Amino acid sequence: MPVLQKLETLTTIADLRAWSRAQRSRGRSVGLVPTMGALHAGHHSLMERAVAAGDSVIVSIFVNPTQFGPKEDFARYPRSFDADCELARTAGVEAIFAPTVEEMYPTSASTYVDVGTLGEQLDGLARPGHFRGVATIVAKLLIAAEPEHAYFGQKDAAQVSVLRKLVRDMAFATELVVCPIVREADGLALSSRNAYLSAAERKQALVLSQSVRRVENLYERGERSARLLESAALAVIASEPEIDVEYATVVDWATLLSIDNAVPGTLFAVAARVGTTRLIDNTIL
Ligand code: AMP
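These numbers were taken from a predicted model, which means no experiment stands behind them.

Undergrad: Tell me what's going on with the site of the ligand, and back it up with residues and numbers.
TA: H43, G153, D156, V182 and L190 are the nearest of the 17 residues found near the ligand. V182 has a polar backbone atom sitting 2.9 Å from a nitrogen atom of the ligand. One of the backbone N or O atoms of L190 is found 2.9 Å from a nitrogen atom in the ligand. Protein contacts shield 92% of the accessible area of the ligand, which totals 480 Å² for the unbound molecule. For the shell around the ligand, the elements supplying multiple residues, two or more each, are β2 (30-35), α2 (41-52) and β5 (149-153). Of all the elements, α2 adds the most residues to the shell around the ligand, at three residues. Class assignment for the residues of the shell around the ligand results in nine nonpolar, six polar and two charged.

Undergrad: Would you mind going over helix α1 (residues 13-25) in detail, with residue names and values included?
TA: Structurally, the α-helix is built with 3.6 residues per turn, so residues lying three or four positions apart point the same way. Given a rise of 1.5 Å per residue, 13 residues ought to cover 18 Å, and the 18 Å separating the end C-alpha atoms of α1 matches this to within 8%. In this structure, the buried side of α1 is in contact with β1 (8-10), β2, β3 (56-61), β4 (95-97) and α6 (130-145). Phi turns positive, to about 80 degrees, at G27, one or two residues after α1.

Undergrad: Tell me about the sheet that holds β2, and please be specific about residues and values.
TA: Here we have six strands laid out as an open sheet, ordered β1-β4-β3-β2-β5-β6, and parallel in their pairing. Where the open sheet ends on each side, the last strands, each with one partner, are β1 and β6 (175-179). On average, each strand axis in the sheet is tilted by 25 degrees relative to the strand beside it, whichever way the strands run. Examined bridge by bridge, β5 and β6 share five bridges and lie parallel to one another. Paired with Y151 across the bridge in β6 is V177. Where α1 meets the sheet, it contacts β1, β2, β3 and β4, and its direction lies at approximately 165 degrees from that of β3. Docked against the sheet, helix α7 (residues 157-169) engages β5 and β6, running at close to 170 degrees with respect to β6.

Undergrad: Describe the packing of aromatic side chains, listing the residues and the values that go with them.
TA: Applying the stated rule across the entire model yields three aromatic pairs. Measuring from ring centre to ring centre gives 5.4 Å for F68 and F74, while their planes differ by 65 degrees; the resulting arrangement is edge-to-face. Note on F74: relative accessible area 27%, which makes it partly exposed. On the basis of an interplanar angle of 75 degrees and a centroid distance of 5.9 Å, the ring pair of F68 and Y77 is categorised as edge-to-face.

Undergrad: Which residues make up the packing of α1 against α6, and what values do they have?
TA: At a minimum axis distance of 8 Å, the contact between α1 and α6 shows a crossing angle of 50 degrees. One element, α1, and the other, α6, form an angle in the oblique class. In this structure, α1 contributes I13, L16, R17, S20 and R24 to the contact, and α6 contributes I143, A144 and A145. Taken together, the residues of the contact of α1 with α6 break down into five nonpolar, one polar and two charged.

Undergrad: Explain empty space enclosed by the protein residue by residue, including any values.
TA: What the rule picks out here adds up to two cavities of 30 Å³ or more. Here the largest cavity is characterised by a volume of approximately 60 Å³. Lining the largest cavity we find K155, L188, A189, S191, N194, A205, L208, L279, I280 and D281. The class makeup of the residues in the lining of the largest cavity is six nonpolar, two polar and two charged. Size it by volume and the second largest cavity reaches roughly 40 Å³. Those elements that provide at least two residues to the lining of the second largest cavity are α7, β8 (267-274) and β9 (277-284). At three residues, the largest contribution of residues to the lining of the second largest cavity is made by β9.

Each value, and the rule that gives it
Residues numbered from 1 in each chain as written. Predicted model: local features only at pLDDT ≥ 70, side-chain atom pairs only at ≥ 80, totals over all residues. Heavy atoms only, no water. Near = heavy atom within 4 Å. Polar contact = N/O pair within 3.5 Å; in protein donor to acceptor, adjacent residues only side chain to side chain. Areas by Shrake-Rupley, 256 points an atom, 1.4 Å probe, with all protein chains shown as cover. Helix = DSSP H or I, 4+ residues; strand = E, 2+ residues; numbered from the N terminus. Nonpolar A, V, L, I, M, F, W, Y, C, P; charged D, E, K, R; others polar. Expected span 1.5 Å × (residues − 1). Contact = heavy atoms within 4.5 Å. Pairing = 2+ DSSP bridges. Axes fitted to C-alpha atoms, helices over the stretch in contact; angles between N-to-C directions. Phe/Tyr/Trp six-rings, centres within 6.5 Å; stacked < 30°, edge-to-face > 60°. Buried < 20%, exposed > 50% of the residue type's maximum accessible area, 1.4 Å probe, protein only. Parallel < 35°, antiparallel > 145°, perpendicular 65-115°, else oblique. 1 Å grid on protein atoms, 1.4 Å probe; cavity = no way out; pocket = protein on both sides within 12 Å on 5 of 7 lines; lining within 4 Å. Points joined across faces, edges and corners; volume = space filled by probe spheres on them.

Right under this line is the structure:
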């Protein structure tokens, strides 16, 4: 059994900065894994990747209010701090950063980071202001922790595009590391929001990953027409009439704009509502 280290819990930006600087003064690189908590095996895979890279790993747990719309699930978003700490500890994480909302957004704060029209595509279209909130909180975390590496999941593929642009545009020194989607045995992409699904919805939700597999299979067999790939995905999802598709689209991963023909590296992404729960999935072709 590996000897697990003590997990430090930090709550202020000043302590995060000091912790990070202390790691570097001991010759360690810092790996940051930003999360909203309710941690699962998908988050765990990011932590493992960071630990394997040799980083001193810190996980932030912060349900970021600025990335939720007024009618979204901020108040009821699942919170499980003690279990989260245990999961992080078993992954070899050294510290948790769990600030209050007031710490990250002092009452007078009025400065935000906006990535422009890129933030208005895909999830940004249905969730106005979402990516502004994401870019703002990640920028703050990168400024405070100055990590050598920050780990994100491909699960949130549009978020990855937005954050790559943020890092490039603002000249952050952090390298973004994008990790593959972790799925349940039956294909469902792990998500903290899966906890909202009833047993019936959990079954219906499978058509998202099935649509992703369908697009992958067609692409592997030589299909390149984006419209054809999209309609094949929609046909799979239509087998569950209860599901409300928001988008099922073939786009350039960097610009998130629709393209006519898929090429290696093209993103197929899908978002749908299963009952009141909004789920996403994707693949890089
Ligand atoms: P969240 O707590 O949902 O904001 O997610 C925190 C990080 O974990 C993000 O970079 C997500 O993309 C990543 N993540 C969430 N679900 C998965 C998954 N199923 N597989 C891999 N990474 C994931």
